[in-house]
Amino acid sequence: MPIVNRIAEFAADMATWRQHLHTIPELELECHQTAAFVAARLREFGVDEVHEGIAKSGIVAIIEGRGAGLTIGLRADMDALPISEETRLDYASTHPGKMHACGHDGHTTMLLGAARYLAETRNFAGRVALIFQPGEEAGGGADVMVQEGIMERFAITQVYALHNAPGTEEGTFFTTPGPIMAAVDTFHVHIQGKGGHGAMPHEARDPVMAACGIAQAIQTIVSRNHYALDDLVVSVTQIHTGTVDNVIPDTAYINGTVRTFDPAVQKMVMERMEQIVAGQAASYGVEAELDYDVGYPATINDAAKAGFAAGVAREVVGEGKVVADAGREMGAEDFSYMLNARPGAYLFLGQGESAGLHHPKYNFNDEIAPIGASFFARIVEKAQPVSQ
């Protein structure tokens, strides 16, 4: 395809950008160094407008097409993770304890590549809004940008995003109509007992046993309180208590995650968790408090937009490398807030065999950056063609 060939001409530049971004990972909404690099490149490309400081460090850049038309949004996330990198790459993180372990450096690069091409060619009607978002991993940057009014301010009518997928064939796209990623909630249980000597448990109110009982009972929500064909994950991921072998501690702490698609299932989990924590606390003679944090909502693709995006992907990589009904998964993504505000689609792009996402040895595959950039560019040209 011509667009792939043109973007392929500056693929080496894209690799340079991405590897630089990999050296400067930043967390949550504080992606100022990353944003400064992005803004500098956008101005070099000759985009028409660069709006900075949205959601602290986010950017929306505007490229005008040829003639009147609507505005299409393309989003890339910019933030990294609080992980110590173990790749030993020449361009490894220079920020201790921070790492691009999810490929957001690659996502940013793909959107920069599309920006360069679109600013050069402008073979589309209306406008494109390039959304460089901080705080996907934590901070809900997409929600912040929506709440700060980017959809209305820039008259965005539809919006698209990509995420790399380790362990899937390089250059393969997959998406699905409707729900594609789950809502994510977090729960915390704080248990207050009465400590004592390990040899005299009758004089204590043991929070360790209470924590074990609560954790086991919470896991029965999935097996005994919901319809088996409704997607639901409840995982206890932390229990912290105690210090030494012969002391019963005063307190214990339980933490975990809940993944759902249906608000009714989410509500049931919240109610059952309240009942379980209160009932188990009473049975063990301790006090326990549940703190249930509702997080990102489910990521729901507009069916028509997902079908359109799959068609564009086929033009870029070929019929056999696009799965348009891949089903949904239990991970979460704050692009959900943008899809709640405007119709659009979220797709995955295979990056071949590599360490998994959020792994200290993960590294984005630079070979797929021109593919993602080509997809973004063709989405704009196909959605908003120039009138002949």
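All values derive from a computational prediction rather than experimental measurement. (Residues numbered from 1 in each chain as written. Predicted model: local features only at pLDDT ≥ 70, side-chain atom pairs only at ≥ 80, totals over all residues. Heavy atoms only, no water.)

**Q** Kindly report on the overall build of the protein, identifying the contributing residues and their values.
**A** Of the regular secondary structure elements, the protein holds 11 helices and 16 strands. Scaling as 2.2 N^0.38, a compact globule of 388 residues should have a C-alpha radius of gyration of about 21 Å, and the protein matches this with 24 Å. Reported as C-alpha extents along the three principal axes, the dimensions of the protein are approximately 85 × 45 × 40 Å. The burial tally for the protein puts 53% of its 388 residues in the buried class. Restricting the contact set of the protein to residue pairs at least 6 apart, pairs at least 24 apart contribute 82%. (Helix = DSSP H or I, 4+ residues; strand = E, 2+ residues; numbered from the N terminus. Rg over C-alpha atoms; globule rule 2.2 N^0.38 Å. Buried < 20%, exposed > 50% of the residue type's maximum accessible area, 1.4 Å probe, protein only. Contact = heavy atoms within 4.5 Å.)

**Q** Provide a residue-level description of the layout of surface pockets, including the pertinent values.
**A** Considered as a void within the structure, the largest pocket measures approximately 650 Å³ in volume. Contributing to the lining of the largest pocket are 24 residues, with Glu137, Val184, Arg259, Ala332 and His358 lying nearest its centre. For the lining of the largest pocket, the secondary-structure elements that each account for two or more residues are β5 (156-165), β8 (183-192), β12 (251-260) and β16 (344-350). Along the lines of polarity and charge, the residues of the lining of the largest pocket split into 10 nonpolar, 7 polar and 7 charged. (1 Å grid on protein atoms, 1.4 Å probe; cavity = no way out; pocket = protein on both sides within 12 Å on 5 of 7 lines; lining within 4 Å. Points joined across faces, edges and corners; volume = space filled by probe spheres on them. Nonpolar A, V, L, I, M, F, W, Y, C, P; charged D, E, K, R; others polar.)

**Q** Could you give an account of the sheet that holds strand β3 (residues 71-77), naming the residues involved and the relevant values?
**A** Strand order in this open sheet of 8 strands is β1-β2-β4-β3-β5-β16-β6-β15, and the pairing throughout is mixed. Only two strands of the sheet have a single partner each, and these edge strands are β1 (49-54) and β15 (322-323). Of the strands in this sheet, β2 (58-64), β3, β4 (127-133), β5 and β16 are in contact with helix α4 (residues 104-121), which crosses β3 at around 145°. (Pairing = 2+ DSSP bridges. Axes fitted to C-alpha atoms, helices over the stretch in contact; angles between N-to-C directions.)

**Q** Break down the pattern of salt bridges for me, with residues and values.
**A** Pairing of side chains with opposite charge becomes possible as their charged atoms draw close. Counted under the stated rule, the structure contains 22 salt bridges. For Arg18, the salt bridge identified is with Asp105, shortest N-O distance 3.0 Å. One end of the pair, Arg18, is in helix α2 (residues 11-23); the other, Asp105, is in helix α4, and 87 residues separate them in sequence. By relative accessible area, Arg18 is classed as buried at 0%. On the accessibility criterion, Asp105 (1% relative accessible area) is buried. Connected through salt bridges with shared partners, the residues Arg6, Glu9, Asp13, Arg116 and Glu120 form a single ionic network. (Salt bridge = Lys/Arg side-chain N within 4 Å of Asp/Glu carboxyl O.)

**Q** Requested: an account of the packing of aromatic side chains, with residues and values cited.
**A** Under the defined criterion, the tally for this structure stands at 8 aromatic pairs. Ring centres of Phe173 and Phe375 lie 5.2 Å apart, and the angle between their planes is 40°; on these two criteria the pair is classed as tilted. Here the residue Phe173 occupies a position in strand β6 (residues 173-174), and Phe375 occupies one in helix α11 (residues 369-383), the gap between them amounting to 202 residues. Residue classification places Phe173 among the buried positions, given a relative accessible area of 0%. For the ring pair Phe335 and Tyr346, a centre distance of 5.8 Å and an interplane angle of 35° mean the geometry is tilted. Taken together, the residues span a long stretch of sequence, with Phe335 in helix α10 (residues 335-341) and Tyr346 in strand β16 at a distance of 11 residues. (Phe/Tyr/Trp six-rings, centres within 6.5 Å; stacked < 30°, edge-to-face > 60°.)

**Q** Provide a residue-level description of the sheet that holds strand β10 (residues 232-241), including the pertinent values.
**A** The sheet built from 4 strands is open, its strands ordered β10-β12-β8-β13 with antiparallel pairing. In the strand order of this sheet, the two ends are held by β10 and β13 (287-294), each with one partner. Strand-to-strand twist of the sheet, defined as the mean angle between neighbouring strand axes without regard to direction, takes the value 15°. The pairing of β10 with β12 spans 9 bridges and is antiparallel. The partner of Val233 across the bridge, within β12, is Arg259. Running over the sheet, helix α7 (residues 207-224) touches β8, β10, β12 and β13 and is turned about 170° from β10.

**Q** A description of α7 should follow, citing residues and the corresponding values.
**A** When the terminal C-alpha atoms of α7 are compared, their 25 Å separation across 18 residues agrees well with the 26 Å that a helix rising 1.5 Å per residue should span. Along α7, the positions that sit buried rather than exposed are Pro207, Ala210, Ala211, Gly213, Ile214, Ala215, Ala217, Ile218 and Ile221. Residues of α7 that are buried in the fold lie against β8, β10, β11 (247-248), β12, α8 (263-284) and β13. Where α7 begins, the side chain of Asp206 points an oxygen toward the backbone nitrogen of Val208, at a separation of 2.8 Å. (Expected span 1.5 Å × (residues − 1). Polar contact = N/O pair within 3.5 Å; in protein donor to acceptor, adjacent residues only side chain to side chain.)

**Q** Kindly report on unusual backbone geometry, identifying the contributing residues and their values.
**A** Unlike most non-glycine residues, Lys56 shows phi in positive territory, near 75°. Structurally, Lys56 can be placed in the loop between β1 and β2.

Note that every value here comes from positions in space, so none of it alone points to a role or purpose.
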